[in-house]
Amino acid sequence: MFPFPFSFQNGVIVVLVLLLTIKLYLEITKGVCKSTKRLDGKTIIITGANTGIGKETALDLASRGARIILACRDLKKASIAKDDIVQKSGNCNVLVKKLDLASLASVRQFAEDILKNEPELHILINNAGCGGMKKQITLDGLENQMQSNHLGHFLLTNLLLGLMIKTAEKEQENVRIINVSSDAHYICRSLNFEDLNFIHDRTAGTFLAPYKIYGTSKLCNILFSIELANKLEHNGRAVTVNSLHPGAVYTEFGRFSSIFSTIMTISMYFLKTPKEGAQTTIHLAVSDEVANVTAQYFRDCKIATPSKLAQDNGMAKKLWDVSETLVRLQSHEIFF
Ligand SMILES: NC(=O)c1ccc[n+]([C@@H]2O[C@H](COP(=O)([O-])OP(=O)(O)OC[C@H]3O[C@@H](n4cnc5c(N)ncnc54)[C@H](OP(=O)(O)O)[C@@H]3O)[C@@H](O)[C@H]2O)c1
């Protein structure tokens, strides 16, 4: 029995208390990067840095003195973001370079430019992502979300790996690769290597397909991180690779899907700001305490446990081989 009559008014009070408790819990558990480390002399690439979490990450790292390369597909938006970052950070060493992860040619062109013009690369942040869009096949014959979120970053990272290894050897300290994944990977119950483009998937054509593809691409971010970290460690290379969930963050991400947009608008009060959402990425990029940590998944600046599937080394290996074929990595580009 309730100790008081359960009126409408009391119901409203109970709901309000519950919501405030959830909000309080979310506030208390938010991870914050506490490192004050400067990054003068370091070169950092951030994909999808013209807005949202990527832009906030770029602003923070620019404020620490690094040379920042904003790797973006929309040069106009990126140039506006760059001006804002330069103005707020007081660091003029911020560049924009064209990168469309949904095009293998664009990824190759971007990597070629970097290899030609940048003598060093200390941190690579694979942040760009899209989600919840209708299935679409790109000019490369690959599913758009899978290519934008996983395959494009897979190719990019492989093409830049030599430069990063060279940088680590020269600096005598670990360089870092950070892959922005998502807890959305938990929705994946399996990974069909025969159909990574979701042509024959049983959800194909249903409203579920876009979300399943998004979750799969984010699972691939984690498996890719594990396998790359293992390969690098096995070869004694001073490069760490970690992945992360930034939290539920109020960004422009909802523009890709009306369902995401509705959920984000309804729950706006409970979501992190982009600055808060960038904290785990920044922590992985700068903190001394994670300088030697590799192959881990992070949430709120702490090591977290991803799904069982995302911890499967066999899956990670297989995904690597299939991805190599799908992005048409040339034999001379295969590092391991
Ligand atoms: N927001 C969340 O709650 C949340 C939760 C978990 C994980 N994440 C992950 O966090 C990352 C950043 O998302 P966000 O919330 O900051 O979203 P956002 O504000 O929409 O930013 C996404 C960025 O990725 C870029 N992008 C998308 N597809 C691209 C492509 N093919 N080539 C190059 N750039 C591309 C976008 O460029 P345009 O501006 O040109 O579209 C934009 O700069 C994503 O990987 C997302 O999966 C977000």
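Coordinates for the structure precede this section.
Every value quoted in this text rests on a predicted model; they were computed, and no experiment measured them.

**Student:** Sorry if this is basic, but what is going on with the overall build of the protein here?
**Tutor:** Counting secondary structure elements, the protein contains 10 helices and 8 strands. The C-alpha atoms of the protein give a radius of gyration of 20 Å, which matches the 20 Å a tight globule of 336 residues would have. Taking all 336 residues of the protein together, 56% fall into the buried category. Expressed as a percentage of contacts within the protein between residues at least 6 apart in sequence, the contacts between residues at least 24 apart total 78%. When the accessible surface of the protein is summed, it comes to about 16000 Å², and 57% of that surface belongs to carbon and sulfur atoms. Across the protein, 38 positive and 32 negative side-chain charges occur, with their mean positions spaced 3 Å apart.

**Student:** Just checking my understanding: could you explain the pairing of strand β5 (residues 175–180) for this structure?
**Tutor:** Along any regular strand the residues' side chains alternate between the sheet's two faces. Most of β5 sits inside the fold, with 6 of its 6 residues counted as buried. Here β5 shows a buried face lined by V175, I177 and N179 and a second buried face lined by R176, I178 and V180. Bridge count for strand β4 (residues 123–126) against β5 is 4 bridges, and the pairing is parallel. Paired with I123 across the bridge in β5 is R176. Once you follow β4 into helix α5 (residues 144–171) and on to β5, the crossover reads as right-handed. Both β5 and strand β6 (residues 239–245) contribute to a ladder of 6 bridges, which runs parallel. Each bridged residue has a counterpart across the sheet, and for V180 the counterpart in β6 is L244.

**Student:** How should the side chain of Q279 be read in this particular structure?
**Tutor:** Following the sequence through the fold, Q279 ends up in helix α9 (residues 279–286). Taking the relative accessible area as the measure of exposure, Q279 reaches 12% and is therefore buried. In this view, Q279 contacts G31, V32, C33 and C301; residues no more than four positions away in its chain are not counted.

**Student:** Looking at this model, I keep getting lost on the nonpolar core. Mind explaining?
**Tutor:** Here is a general trend for soluble globular proteins: nonpolar side chains tend to be buried in one another's company. Among the nonpolar cores identified, the biggest contains 58 residues, and I45, F110, L160, I177, L191 and L228 are the most heavily contacted of them. Elements with a minimum of two residues in this core: β2 (67–72), α4 (104–117), α5, β5, α6 (209–234), β6 and α10 (313–326). With 12 residues, the top contributor of residues to this core is α5. Apart from the residues lying within four places of it in its own chain, the contact partners of L191 are L196, T216, L219, C220, L223, L309 and M315.

**Student:** Any chance you could explain unusual backbone geometry here in plain terms?
**Tutor:** Working note: non-glycine residues mostly have negative phi, and peptide bonds are mostly trans. One non-glycine residue with positive phi stands out, namely D300, at about 50 degrees. Mapping D300 onto the fold places it in the loop between β7 (297–299) and β8 (302–304). A positive phi is found at R328, a non-glycine position, where the angle reads about 55 degrees. One can find R328 in the segment after α10.

**Student:** What exactly am I supposed to notice about the site of the ligand here?
**Tutor:** Taken together, 32 residues surround the ligand, and among them R73, K77, Y214, T251 and R255 come closest. Between the ligand and Y214, the relevant distance is 2.6 Å, taken from an oxygen atom to a side-chain nitrogen or oxygen of the residue. Contact with the protein chains removes 96% of the 900 Å² of surface that the ligand exposes when unbound. Elements with a minimum of two residues in the shell around the ligand: α2 (52–63) and α6. Grouping the amino acids of the shell around the ligand by side-chain chemistry returns 13 nonpolar, 12 polar and 7 charged.

**Student:** What should I look at first to understand helix α1 (residues 8–29) in this one?
**Tutor:** Given 3.6 residues per turn, any residue in an α-helix points the same way as the ones three and four places further on. Its 22 residues place the ends of α1 32 Å apart at the C-alpha level, agreeing with the 32 Å of an ideal helix rising 1.5 Å per residue. Within the span of α1, buried status applies to N10, G11 and K23.

**Student:** Even after reading the chapter, I still don't get a nonpolar patch on the surface, so can you show me in this structure?
**Tutor:** Together, F8, V12, V15, L16, L18, L19 and I22 make up a nonpolar patch on the protein surface, roughly 670 Å² of accessible area in all. The residue I22 is located in helix α1 in this model.

**Student:** What should I look at first to understand the side chain of E118 in this one?
**Tutor:** Assignment of secondary structure puts E118 in the loop between α4 and β4. Within polar-contact distance, the side chain of E118 engages the side chain of R67 at 2.8 Å. Apart from residues no more than four positions distant in its own chain, E118 is found in contact with T43, R67, I69, L95 and L163.

Thresholds, definitions, all that
- Residues numbered from 1 in each chain as written.
- Predicted model: local features only at pLDDT ≥ 70, side-chain atom pairs only at ≥ 80, totals over all residues.
- Heavy atoms only, no water.
- Helix = DSSP H or I, 4+ residues; strand = E, 2+ residues; numbered from the N terminus.
- Rg over C-alpha atoms; globule rule 2.2 N^0.38 Å.
- Buried < 20%, exposed > 50% of the residue type's maximum accessible area, 1.4 Å probe, protein only.
- Contact = heavy atoms within 4.5 Å.
- Areas by Shrake-Rupley, 256 points an atom, 1.4 Å probe, with all protein chains shown as cover.
- Lys, Arg positive; Asp, Glu negative; His and termini not counted.
- Charge placed at Lys NZ, Arg CZ, Asp CG, Glu CD.
- Pairing = 2+ DSSP bridges.
- Right-handed = clockwise from strand over helix to strand, strands pointing away.
- Core = buried A, V, L, I, M, F, W, Y, C linked by side-chain atoms within 4.5 Å.
- Near = heavy atom within 4 Å.
- Polar contact = N/O pair within 3.5 Å; in protein donor to acceptor, adjacent residues only side chain to side chain.
- Nonpolar A, V, L, I, M, F, W, Y, C, P; charged D, E, K, R; others polar.
- Expected span 1.5 Å × (residues − 1).
- Patch = residues over 30% accessible without salt bridge, like charges linked within 9 Å, V, L, I, M, F, W, Y side chains within 5 Å.
- Salt bridge = Lys/Arg side-chain N within 4 Å of Asp/Glu carboxyl O.

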